[in-house]
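Spelled out from the first residue to the last, the chains are:
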Amino acid sequence: MAIFDEELMRLKEMILKMGAMVESSIKDSVKALVERNDGMAKTVIEKDHQINALDVQIDEECIRLIALMQPKAGDLRFITTAMKITTDLERMGDMAVNIAGRALELNKEPILKPYIDIPHMSQISQGMTRDALDALVNRDKKLAMDVIMRDDEVDDLKYGIFEELISYMVRDPNTVSRAMKISFVAQYLERIADHATNIAEMVIYLVEGKIIRHMALPEE
Amino acid sequence: MSNNLKSESRKLNFFYGNVHALKNVSMPIELNKVTALIGPSGCGKTTYLRCFNRMHDLYPHNRYEGEIILYPDNINIISSGIDPIEVRMRISMVFQKPNPFPKSIYENVAYGLRVRGVNNRKILAEKVEKSLRGAALWDEIKDRLDKPAFDLSGGQQQRLCIARALATDPEILLFDEPTSALDPIATSKIEELIIELKKKVTILIVTHNMQQAARISDWTGFMMLGELIEFDRTDKIFTAPSEKLTEDYITGRFG
Amino acid sequence: MEDIKKRIRITKFLDYIFAIVGLLSTLVGLVLLFTLFIDLFIDGAPRLSYKFMASFPSRFPEEAGILSAWVGTFLVMLVTAFAAIPLGIAAGIYLEEYAKKNWLTNIIEINISNLAGVPSIVYGLLALGLFVYFFKFGESILTGGLTLALLILPMVIIATREAIRAIPNSIREASYALGATKWQTVQWHIIPYSTGGILTGIIIGLSRAIGETAPIITVGALTFIAFLPSSPITSEFPFMSFKWLSDPFTVMPIQMFNWVSRPQAGFHVNAAAAGIILLLMTLLMNGFAIYIRYKFRKRIKW
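Calculation rules
- Residues numbered from 1 in each chain as written.
- Chains lettered and ligands numbered in written order.
- Predicted model: local features only at pLDDT ≥ 70, side-chain atom pairs only at ≥ 80, totals over all residues.
- Heavy atoms only, no water.
- Helix = DSSP H or I, 4+ residues; strand = E, 2+ residues; numbered from the N terminus.
- Rg over C-alpha atoms; globule rule 2.2 N^0.38 Å.
- Contact = heavy atoms within 4.5 Å.
- Buried area = accessible area lost by both parts, 1.4 Å probe.
- Salt bridge = Lys/Arg side-chain N within 4 Å of Asp/Glu carboxyl O.
- Polar contact = N/O pair within 3.5 Å; in protein donor to acceptor, adjacent residues only side chain to side chain.
- Nonpolar A, V, L, I, M, F, W, Y, C, P; charged D, E, K, R; others polar.
- 1 Å grid on protein atoms, 1.4 Å probe; cavity = no way out; pocket = protein on both sides within 12 Å on 5 of 7 lines; lining within 4 Å.
- Points joined across faces, edges and corners; volume = space filled by probe spheres on them.

Q: Report on the overall build of chain A, specifying residues and quantitative values.
A: In terms of regular secondary structure, chain A is built from 6 helices and 0 strands. Across chain A, helices and strands are ordered from the amino to the carboxyl terminus as α-α-α-α-α-α. The C-alpha radius of gyration computed for chain A amounts to 19 Å, which stays within 12% of the reference 17 Å derived for 220 residues, consistent with globular compactness. For the C-alpha atoms alone, the extent of chain A along its principal axes is close to 65 × 40 × 20 Å.

Q: Give me the lowdown on the interface of chain A and chain B, citing residues and values where you can.
A: Listed as interface residues are 9 residues of chain A and, on the opposing side, 10 residues of chain B. Buried area between chain A and chain B, summed over both chains or domains, comes out near 840 Å², and the portion from carbon and sulfur atoms is 71%. It is Met1, Leu68 and Gln70 of chain A in chain A that bury the most area against chain B; as a group they hold 60% of the surface buried on that side. Linking chain A with chain B are 1 salt bridge, by the criterion used here. A salt bridge links Asp235 of chain B to Arg64 of chain A, with the shortest nitrogen-to-oxygen separation between them at 3.7 Å. There are 1 residue pair in polar contact (both at pLDDT 80 or more) connecting chain A and chain B. Among the elements of the structure, helix H1 (2–34) and helix H2 (38–69) of chain A are those that each provide at least two residues to the side of chain A that touches chain B. Residue contributions to the side of chain A that touches chain B peak at 5 residues, all from H2 of chain A. In the side of chain A that touches chain B, the residues fall into 7 nonpolar, 1 polar and 1 charged.

Q: Got a sec to walk through the layout of surface pockets? Specific residues and values, please.
A: Approximately 660 Å³ is the volume found for the largest pocket. Forming the boundary of the largest pocket are 23 residues, of which Leu58, Tyr59 and Pro60 of chain B together with Glu97 and Lys182 of chain C lie nearest the centre. Of all the elements in the fold, those that place two or more residues in the lining of the largest pocket are helix H2 (84–90) of chain B together with helix H3 (67–98) and helix H7 (169–177) of chain C. For the lining of the largest pocket, a count of residues per class yields 10 nonpolar, 4 polar and 9 charged.

Below, the structure is given as structure tokens:
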């Protein structure tokens, strides 16, 4: 019925808006680190409550739609998926806040080494977030699978960073504090990519009607 | 809502002979919105609805107490000083089982106007078309207006009855379980129609299908044994009702 | 499984037996009726002719005709119809739509049903006292017509009520809900939709009245008249006359009875011939009633 379609459209817009906010938080938090910009880090931390507010709003809207519209089949899967996805997005926002926090700390100390891989990880993670949400809205299974594949790349980058940082720490104990904080940032970025992967897996559930979480990806 | 009311009942009581069927029902009806009444069989929702167009006056031994106020005139439409016919000229009803007259489609819609003495062919034709368009039926039957109404399908007949009720520009449109005799597709068409109609007419609908009330109404009243148990915005009633009875009914624990 | 099969065989056999019994019963009735018709036809056919229809009764069987009889029947039926139809329909509508349903209307309803079963001679006696003597209408067509009107009035009222009751209440509610008054509802819905049933009732009432003898004799129809009542249509203004209402008359059943009571065999033939005519008139009226019911039922299916 027409009015239900309008409400679903609104729900999609809210999810995309939340996704855009999360994406920009990730970008800005890493930027704050790389460009040593405290103001930007503080903004990321402040803006997080807006992301949380959207999370609550979307959840309430989903409950309302379930109660009033008795959605079935694809509509029902979409709405229940939306509720779970916002949890992932909200945690991604929290990760960005954590990165911003580390940035604020690292900016007080001299730079350890030029950041190359961290921005690279950030870029991939942002791309995965954006694509996962596009896949959701367009019910694009291929795109979702593509997102899932990229997770390995992020994992590899993280381990690469860890190894490099360990070598720094072994050589010079004074670097341990900074190296640890940088490794945390890498960890946060890897978690962000994991969340984006979750979102992509849920998109596949939405499209196929089968839950594939916690399974190995089928050979395609 | 208080300054945007079309009508409200105040301590409405109703008696079928000695049976006390409605007990102190006070309920507001917001202008240009859909108000739904739900509740188990025999709870009095249809009795309540039929007070609004004085249908009870047609049968003996019925008695009203209390008031139903119509705005903006501020008159009590169930007072004995008001002629039921005047009330029915302002408040129309659509019944549970489609009941078109065994006449042509055109004559069905025109009847309400003829009753008011409108005989001018041009005016009648215009109003008939306008009403049939308003009921989302015009395109389907515009080239067979003189065919018998009984030839239409159940869903079309019900939309014809809606057109017939709309022809007289009612201020309130009463629906008594309008889709309970129809198949799901016809039901869906009429629900969409009601959502569209509320922009122009205030609507009060009784339904035993609470999902329907959830889908299309703005306000919902839950009744049981002649009493109004709870009345609130529809999304509140269906997500977090205040009364346990309401919650039990909605979750299907009884009724 | 075998038990079930046996049971089915037995039930089917009983079915078959019952069908045979039903068929035989029907046939008995039909065959008897048919025999009567054939017999009547054989007896009366020789006398059927234009001359028969256009002649007055006479002492000679071959000269005798039914002119005065069928003209009398026709005029009496006219009065009956004019009296019974409006009264019956109005009473039926009032009792169904207007009267409050209480003990009084219940008594009225029971009495009307009883009146339909009162022997027709009783109506004759009533009419004798009321119309002939009290109102001083005399032994005239008017009296005869009114008597028969009284006779079939209950039938018309009952037929009207049944036809009105067949109208579902949802239609009435729909009409009232649109702001119609009671009279508007009666005028635009009740009367048009019950017309089929009412007409059927009227025709059946009339076709019964056409064959009534006892009440007509009681109010003084003549058994031998060689003249016609005055013509209703005159050659001068106002081109209509009511004198015929007060003229003496006879009707077909009486003429038949008169002939059958005579010893000469020729008159018996006449009686049979008149019987054929009367039968044809009745069948025609009933056929018409069935046709009307069919036409109306096609239009209105509840």
